[in-house]
Amino acid sequence: MPPVIRRTSSGFEVAEFLVLDRKLVRKLVALARSRFGIDEVDAEDLVQETALEIARSPSLIASPEGFAFQVFHNRCARFLDRRKKTNAVFVATSDWDLMAAPDEKLDERAIVRAGFARISASCRALLTSHYVEGASLKETAMRSGHSSKQVWKRLSACLKKLKGAIGA
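Structure report, in brief.

What counts and what doesn't
- Residues numbered from 1 in each chain as written.
- Predicted model: local features only at pLDDT ≥ 70, side-chain atom pairs only at ≥ 80, totals over all residues.
- Heavy atoms only, no water.
- Helix = DSSP H or I, 4+ residues; strand = E, 2+ residues; numbered from the N terminus.
- Buried < 20%, exposed > 50% of the residue type's maximum accessible area, 1.4 Å probe, protein only.
- Contact = heavy atoms within 4.5 Å.
- Areas by Shrake-Rupley, 256 points an atom, 1.4 Å probe, with all protein chains shown as cover.
- Disulfide = S-S within 2.5 Å.

Quick word on the overall build of the protein
Of the regular secondary structure elements, the protein holds nine helices and zero strands. Reading the secondary structure of the protein in the N-to-C direction produces α-α-α-α-α-α-α-α-α. Across the 168 residues in the protein, those meeting the buried criterion constitute 29%. The contacts in the protein between residues at least 6 apart in sequence include a share of 59% that link residues at least 24 apart. By element, 59% of the accessible surface of the protein is carried by carbon and sulfur atoms, the whole surface being about 10400 Å².

Structural data, given as structure tokens:
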């Protein structure tokens, strides 16, 4: 039996409610499939990510189920945006496109790739997460284990390193 949720609850209580209420989870997965075309496995992962995000919420939540639906809806939209950006990057950087690209673009891409290889792995991970995969600053911070402010400073520093590595 799922936990009883009060009208105003903490983020942790709402997250617990979300994870334990299988009926609500099935509703969210059905929403992801019908509205966004996301498969069941990815939708289940998004439900878990939603629960984690809600658990970190510092304020009281007046409408727990509505809040969970809104956070989940936003997660689904960001998931699709990241997927589109990642697919666009892979399509744009395939060898076939490089062979068909004008010489200037081929040179630019080769220079950026070489510069990218010269910077640290942590910088590559941050830049890839934020700029290539399209993760928000907050998501990038959660992935790296740093605060949003630290990630912003590190991204700025990594961009400078990349510019220095490519000689821009």
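Structure's up, so let's keep going.
Observations concerning the state of the cysteines
Scanning the model with the defined rule gives one disulfide in all. Bridging C123 to C158, the disulfide has an S-S length of 2.1 Å. As the torsion about the S-S bond is roughly -75°, the C123-C158 disulfide counts as left-handed. Highlighted residues: C123 in helix α7 (residues 121–132) and C158 in helix α9 (residues 148–166), separated in sequence by 35 residues. Given a relative accessible area of 2%, C158 falls into the buried group.

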